[in-house]
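These are the residues of each chain, in order.
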Amino acid sequence: TAAVVGVILSLAIWFASHVVFAEHVAVTSFGLDFDLPRLATVDPVSLALVVAALVAVFRFRLGLFTVIGSAAAVGVALRLSGIA
């Protein structure tokens, strides 16, 4: 229930952070222990793909498989073209 939603949200945030940012700094203070992304290491191609997927889901109401399939196809195309 709520615990499952919390774990899924935590994993989604961790995965997104590690996809968009290349480097993280370990922060341990005030009882917190987390990785803080370095803003200078943002990957603009990954960030653009994330924004496009969010727009497709929330603005155009596209389905899960459509968005994941499209993002995977664009990612493969970008990788094969040498852009990403």
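Throughout this document, residue positions are counted from 1 along each chain, in the order its sequence is written. Restriction of local features to residues with pLDDT of at least 70 applies here, the model being predicted, together with a cutoff of 80 or more for giving and counting side-chain atom pairs; totals for whole chains, interfaces and linings are based on all residues. Note: side-chain values were computed over all heavy atoms of the structure, leaving out hydrogens and water.

Asks: An account of the layout of surface pockets is needed here, citing residue identities and associated values.
Replies: Using only the protein atoms, space was sampled on a 1 Å grid; points where a 1.4 Å probe fits but cannot get out form cavities, open sets with protein on both sides within 12 Å along at least five of seven lines form pockets, and lining residues are those with an atom within 4 Å of a point. Grid points are joined across faces, edges and corners, and a volume is the space filled by probe spheres set on the points. Size it by volume and the largest pocket reaches roughly 690 Å³. Secondary-structure elements contributing two or more residues to the lining of the largest pocket are α1 (2-20), α2 (44-58) and α3 (64-81). Helix and strand assignments follow DSSP, with helices taken as H or I runs no shorter than four residues and strands as E runs no shorter than two, numbered in order from the N terminus.

Asks: Lay out the pairing of strand β2 (residues 32-37) in plain terms, naming residues and giving numbers.
Replies: Only strands joined by at least two bridges in the DSSP assignment are considered to pair. Inspection of the sheet shows strand β1 (residues 24-29) paired to β2 by six bridges, in the antiparallel sense. Within β2, the residue paired with Ala26 across the bridge is Asp35. As consecutive antiparallel partners, β1 and β2 are separated by two residues, and within that stretch Phe30 has a phi angle of approximately 55°, a positive value.

Asks: Tell me about the side chain of Ser17, and name the residues and values.
Replies: Mapping Ser17 onto the fold places it in helix α1. We call a residue buried when its accessible area falls under 20% of the maximum for its residue type, exposed when it is over 50%, and partly exposed in between, using a 1.4 Å probe and counting protein chains only. A relative accessible area of 16% places Ser17 in the buried class. Whenever a nitrogen or oxygen atom comes within 3.5 Å of another N or O atom, the pair is scored as a polar contact, on the condition that within protein one atom can donate a hydrogen and the other can accept it, and that pairs from neighbouring residues in sequence are kept only if both atoms are in side chains. Of the polar contacts made by the side chain of Ser17, one reaches the side chain of His24; its length is 2.8 Å. Note on contacts: a residue pair is in contact if any heavy atoms of the two residues lie within 4.5 Å. Other than its neighbours up to four places away in sequence, Ser17 contacts His24 and Pro37.

Asks: Give a detailed account of α3, specifying residues and quantitative values.
Replies: Here, expected helix span is obtained from the residue count minus one, scaled by 1.5 Å. Taking 1.5 Å of rise per residue, 18 residues should cover 26 Å, and α3 covers 26 Å from first to last C-alpha, within 8% of that figure. The positive-phi residue at the C-terminal boundary of α3 is Gly82, with phi of around 90°.

Asks: Lay out unusual backbone geometry in plain terms, naming residues and giving numbers.
Replies: Even without being glycine, Phe30 reaches a positive phi, approximately 55°. Structurally, Phe30 can be placed in the loop between β1 and β2. Under the relative-accessibility criterion, Phe30 is labelled exposed at 84%. The phi torsion at Arg61 lies on the positive side, around 55°, for a residue other than glycine. Note on placement: Arg61 falls in the loop between α2 and α3. Judged by relative accessible area, which is 67%, Arg61 ranks as exposed.

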